[in-house]
Each structure stands twice: as structure tokens, then as C-alpha cells.
Amino acid sequence: MTSTSKKIALCELASVRSGLVLSRKKSKGENGEMYALLTLRAVKEDGVLDMSELDMYISIGVLSNTYLTNIGDVVVRLTWPYSAIIIDEQSAGLLVSSHFVIIRPNNDRLDSGYLHWMLNRQSTRRRIYENTSANMLNAVRPQFFSELKISLPPMVEQRKIAKLQTLHHREQFLMKMLMKERSQLAQLLTENIYNTTK
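Thresholds, definitions, all that
Once a new chain begins, its residue numbering starts again from 1 and follows that chain's sequence as written. In keeping with the model being predicted, local features are shown solely for residues with a pLDDT of at least 70 and side-chain atom pairs are shown and tallied solely at 80 or more, while totals for entire chains, interfaces and linings include all residues. As a rule here, side-chain values come from all non-hydrogen atoms in the structure, and water together with hydrogens is ignored. Strand pairing is assigned whenever DSSP identifies at least 2 bridges connecting the two strands. To qualify as a helix, a DSSP run of H or I must reach at least 4 residues; to qualify as a strand, a run of E must reach at least 2; elements of each kind are numbered from the N terminus. Comment: axis = line fitted to C-alpha atoms, over the contacting stretch for helices; angle = value between 0 and 180 degrees taken between N-to-C directions. By definition in these notes, contact holds between two residues if any of their heavy atoms fall within 4.5 Å. For a helix, the expected span equals 1.5 Å multiplied by the residue count minus one. For every residue, the accessible area obtained with a 1.4 Å probe (protein chains only) is divided by the maximum for its type, and the residue is called buried under 20%, exposed over 50%, and partly exposed between those limits. Orientation is classified from the angle alone, with under 35 degrees giving roughly parallel, over 145 giving roughly antiparallel, 65 to 115 giving roughly perpendicular, and any other angle giving oblique. Less than a right angle of anticlockwise turn of the near helix away from the far helix marks a crossing as left-handed, whereas a clockwise turn marks it as right-handed. Throughout this entry, Asp, Glu, Lys and Arg are counted as charged residues, while Ala, Val, Leu, Ile, Met, Phe, Trp, Tyr, Cys and Pro are counted as nonpolar. The remaining residues, Gly among them, count as polar. Note that the arc is computed from the directions linking the helix axis to the C-beta atoms. Under this definition, polar contacts are N or O atom pairs within 3.5 Å; protein pairs additionally need one hydrogen-donor-capable and one acceptor-capable atom, and for neighbouring residues in sequence, both atoms have to be side-chain atoms. The salt bridge definition used is simple: a Lys or Arg side-chain nitrogen within 4 Å of an Asp or Glu carboxyl oxygen.

This paragraph deals with the sheet that holds strand β5 (residues 74-77). Taking strand neighbours across the sheet as the criterion, the four strands line up as β2-β7-β5-β6 in an open arrangement whose pairing is antiparallel. Because the sheet does not close on itself, it has two edges, and the strands there are β2 (14-18) and β6 (84-86). Each strand axis lies, on average, 20 degrees off the axis of its neighbour in the sheet, ignoring direction. The pairing of β2 with strand β7 (residues 100-105) spans five bridges and is antiparallel. Looking at the pairing, R17 lines up with I102 of β7. Lying over the sheet, helix α1 (residues 112-120) contacts β5, β6 and β7, oriented at roughly 165 degrees with respect to β6.

Another aspect to go through is helix α4 (residues 155-196). Over its 42 residues, α4 runs 61 Å from end to end, which matches the ideal 62 Å to within 8%, given 1.5 Å per residue. Residues M155, Q158, A162, Q165 and H169 constitute the buried set of α4. On its buried side, α4 packs onto α1 and β8 (149-152).

A few words on the packing of α1 against α4. The contact between α1 and α4 brings their axes to 8 Å, and the two run at 65 degrees. What the angle tells us is that α1 and α4 run roughly perpendicular. Crossing geometry of α1 relative to α4 is assigned as left-handed. Where α1 approaches α4, its residues G113, Y114, H116 and W117 are matched on the opposing element by Q158, I161, A162, Q165 and H169. Of the residues belonging to the contact of α1 with α4, the class tally is four nonpolar, five polar and no charged.

Our focus in this paragraph is helix α2 (residues 122-130). All buried positions along α2 are accounted for by T124, R125 and I128. End-on view of α2: buried residues confined to an arc of 100 degrees, all on one side of the axis. Facing away from the buried surface of α2 by more than 90 degrees, the exposed residues are Q122 and E130. For α2, the secondary structure elements touched by its buried residues are α1 and α3 (142-147).

The next subject is the side chain of N120. Within the secondary structure, N120 is located in helix α1. From its side chain, N120 meets the backbone oxygen of H116 in a polar contact 3.2 Å long. Of the polar contacts made by the side chain of N120, one reaches the side chain of R125; its length is 2.8 Å. Setting aside its immediate chain neighbours within four residues, N120 contacts G47, S83, A84 and R125.

For the structure shown, the criterion picks out five salt bridges. Across the salt bridge formed by E53 and R41, the nearest N and O atoms sit 2.9 Å from each other. Of this pair, E53 sits in the loop between β3 (33-37) and β4 (55-59) while R41 is found in the loop between β3 and β4, placing the two residues twelve residues apart along the sequence. The exposure class assigned to E53 is partly exposed, which follows from its relative accessible area of 24%. The partner of D111 in a salt bridge is R159, and the shortest N-O contact between them spans 3.9 Å. In this pair, D111 is assigned in the loop between β7 and α1 and R159 in helix α4, connecting sequence segments 48 residues apart. Owing to a relative accessible area of 48%, R159 belongs among the partly exposed residues under this scheme. Through salt bridges with shared partners, a single ionic network connects R41, E53 and D55.

So, on to the environment of L40. Position of L40 relative to the elements: it lies in the loop between β3 and β4. For L40, a relative accessible area of 28% translates into the label partly exposed. Put simply, L40 and T79 are 39 residues apart on the chain and 8.9 Å apart in space, counted from C-alpha to C-alpha.

Next comes the structure, spelled out in C-alpha cells:
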């Protein structure tokens, strides 16, 4: 990062709002509007979204689009480990609860991928933790993100960082898949050898 990067409050670069308090809009029965709900367990510590961990939520009516994810949004857990995820085509339209904050970058000045990387850095998470409220969950106030100052390099550098981070996440995913397949192969070979010796 160049020394010419300036620090700017996130509220000057994006809209920042907390998710929906679910109890206010929850349907008492099976009738109502159904939404895929982003859960805490779906947001992994490394900033990856596990779509298999979503829940279903039935509301008493149609909810405001401000509580639904859009492509390019960055959604952050308000409790430890304060992981941030970036929303893509597959994860657009999810309902976000008040356990998260939704950050919608101004794409002319702030790249979503760069913001995702910046919020998942250990130094940023340490700053978040230092500003948690004194409750048992160590939750951070959504207002903290509005006031959070981040370095803002030129857009070209932001996009380079975002691209590199995307490639890194893809590599991590492929490595996990390879390890899983090798483990299954080893088990299969071991069982095959054992079965032929009977």
C-alpha cells in the first residue's frame, strides 16, 4: 500500500445499517413471505459464506429491500470473530438479521472486494474487538462501522488487492476439496487392501 493512501470514515464511502430485528416481523404460523436467512454459523471465520447453513424465515409481510443482500454488499458479524463476507450473484437476496451490519459501498470510490479484505484483516478485527460493548457476547455496535476509518488507496490498487484475495479464497477452496478427495481415496484404498486380505 502506498504512503499516499488517506484514511476516510466508512460512512463517507458507503451506507451502513444493521439488519432486521427478526422478532418484530416474524409470522406466528406458516402463512407469510418466506426468505432465506443469513445465520451466524453460515459466516465462517475466514470470510467465506457457507450457503448450506442458511435458515428459512417466514415474515408477516413483504420486507424492505434494505434488509436483503445486494451484489457487492459486505456483511459483517457484530459478534466474535467479526467476519465479513462479500455478496455475489448466488448470495444476493438473503435476509440479514440484527446480528450483522450491511455495508453498501459507493463503487466509484470503494471496491467491495477491497473492503471485504480490509475488514477481515487481523489488525481491523483487533480494532473491532477493542470497541466491543461490555456484554457477554462481545458485540460491537453497528455505529462503530460508520465511524471506522480505513485507508483508501487508488481504485486500481483496491481492485488488485480484491483480485488477489479472490484468487486466494479460490485456492483455499480447491485445496480443501483436494484434501477431502485424497482422504476419501486413502480410505477406499485401505479398505480395499484390508478386504482382499480376509
